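The primary structure of each chain is shown beneath.
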Amino acid sequence: MYFTTLFIHSWLRWVVLILAIWVIIRSLSAWLGKKDYLASDNRLAIFFIAFMHLQLVIGLILYFVYSPMGLAAFQQGMGSVMKNGAVRYWAVEHIFTMVVAVVLAQIGRTRSKRAVNPIAKHKNLAIFTILALLLILSRIPWETARLFRLS
């Protein structure tokens, strides 16, 4: 079950990244072009947030149920986890940064939804999605992750 969940988590990251880039391009273009906030902009933001939350849930399942790194972190204790760079990355840095990225994306979506002015809607969505994307990109394990994980 670990490899199936990891496979889904690995492939789903591409959906999240593509949606984030799409949201950023559309919201920046509309913000700077002073365009209306359309129903399609709202749907795109909803899809992005939905996939962010799905990716987070799958990641949490990996961390707390299946991952050897997550289980090792609980068994070793935080003192030894923080001394081992590889374990610290998975047990602390990756998960913490991704949770913050999801929170930032959700804040952007919520602020965008509550804003009255269409320009403010696009601005909130653009800024918070850019921040979330930067955090995501900083914690994807590029050096060890294959383009598409098959197992």
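Conventions used here
- Residues numbered from 1 in each chain as written.
- Predicted model: local features only at pLDDT ≥ 70, side-chain atom pairs only at ≥ 80, totals over all residues.
- Heavy atoms only, no water.
- Helix = DSSP H or I, 4+ residues; strand = E, 2+ residues; numbered from the N terminus.
- Buried < 20%, exposed > 50% of the residue type's maximum accessible area, 1.4 Å probe, protein only.
- Phe/Tyr/Trp six-rings, centres within 6.5 Å; stacked < 30°, edge-to-face > 60°.
- Lys NZ or Arg CZ within 6 Å of the ring centre and 35° of its normal.
- Expected span 1.5 Å × (residues − 1).
- Contact = heavy atoms within 4.5 Å.
- Polar contact = N/O pair within 3.5 Å; in protein donor to acceptor, adjacent residues only side chain to side chain.
- Core = buried A, V, L, I, M, F, W, Y, C linked by side-chain atoms within 4.5 Å.
- Axes fitted to C-alpha atoms, helices over the stretch in contact; angles between N-to-C directions.
- Parallel < 35°, antiparallel > 145°, perpendicular 65-115°, else oblique.
- Left-handed = near helix turned anticlockwise from the far one by under 90°.
- Nonpolar A, V, L, I, M, F, W, Y, C, P; charged D, E, K, R; others polar.
- Salt bridge = Lys/Arg side-chain N within 4 Å of Asp/Glu carboxyl O.

Caption draft 1: Region of interest: the overall build of the chain. Along the backbone of the chain there are six helices and zero strands. Its helices and strands taken in sequence order, the chain reads α-α-α-α-α-α from the N to the C terminus. Projected onto its principal axes, the C-alpha positions of the chain cover 50 × 30 × 25 Å. Among the 151 residues that make up the chain, the fraction classed as buried is 40%.

Caption draft 2: Representation of the packing of aromatic side chains. The final tally for this structure, using the stated rule, is four aromatic pairs. Where Tyr-63 meets Phe-64, the ring centres are 4.7 Å apart and the plane angle is 90°; that geometry is what we call edge-to-face. Positioned above the aromatic ring of Tyr-37, the side-chain terminus of Lys-121 is 5.3 Å from the ring centre.

Caption draft 3: Highlighting helix H6 (residues 118-139). Look at H6: 32 Å from first C-alpha to last across 22 residues, which is about the 32 Å you get at 1.5 Å a residue. Those residues of H6 lying buried are Lys-121, His-122, Asn-124, Leu-125, Ala-126, Phe-128, Thr-129, Ala-132, Leu-133 and Ile-136. Against helix H1 (2-32), helix H2 (39-66) and helix H5 (85-114) lie the buried residues of H6. Sitting at the head of H6, Asn-117 places a side-chain oxygen 2.8 Å from the backbone nitrogen of Ile-119.

Caption draft 4: Summary view of unusual backbone geometry. In this structure, Lys-34 takes a positive phi of about 50° despite not being glycine. Here Lys-34 shows up in the loop between H1 and H2. Residue Lys-34 is classed as exposed on the basis of its relative accessible area of 65%.

Caption draft 5: How the structure looks around the nonpolar core. Grouped together as the largest cluster of nonpolar side chains are 24 residues, with contacts concentrated most on Phe-48, Met-52, Ala-105 and Ile-136. For this core, the secondary structure elements donating two or more residues are H1, H2, H5 and H6. The contacts of Ile-136, once residues within four sequence positions are left out, are Val-16, Leu-17, Met-52, Met-98 and Ala-101. If you look at the next biggest cluster of nonpolar residues, it comprises six residues, including Val-81, Val-87, Ala-91 and Ile-95.

Caption draft 6: Looking closely at the packing of H2 against H5. Running from amino to carboxyl end, H2 crosses H5 at an angle of 160°, the nearest separation of the two axes being 10 Å. Here H2 lies roughly antiparallel to H5, going by the angle between them. Between H2 and H5 lies a crossing of left-handed hand. Of H5, the residues touching H2 (which contributes Asn-42, Ala-45, Ile-46, Phe-48, Ile-49, Met-52, His-53, Leu-56, Leu-60 and Tyr-63) are Trp-90, Ala-91, Ile-95, Val-99, Ala-101, Val-102, Ala-105, Gln-106 and Arg-109. In terms of residue class, the contact of H2 with H5 is built from 15 nonpolar, three polar and one charged.

Caption draft 7: Looking closely at the pattern of salt bridges. For the structure shown, the criterion picks out two salt bridges. A salt bridge links Arg-26 to Asp-41, with the nearest nitrogen and oxygen atoms 2.7 Å apart. Within this pair, whereas Arg-26 is found in helix H1, its partner Asp-41 is found in helix H2, the two being separated by 15 residues in sequence. You can call Arg-26 partly exposed: its relative accessible area is 25%. One salt bridge connects Glu-93 with Arg-88, and the closest N-O pair in it is separated by 2.9 Å. Classification of Glu-93 as partly exposed rests on a relative accessible area of 25%.

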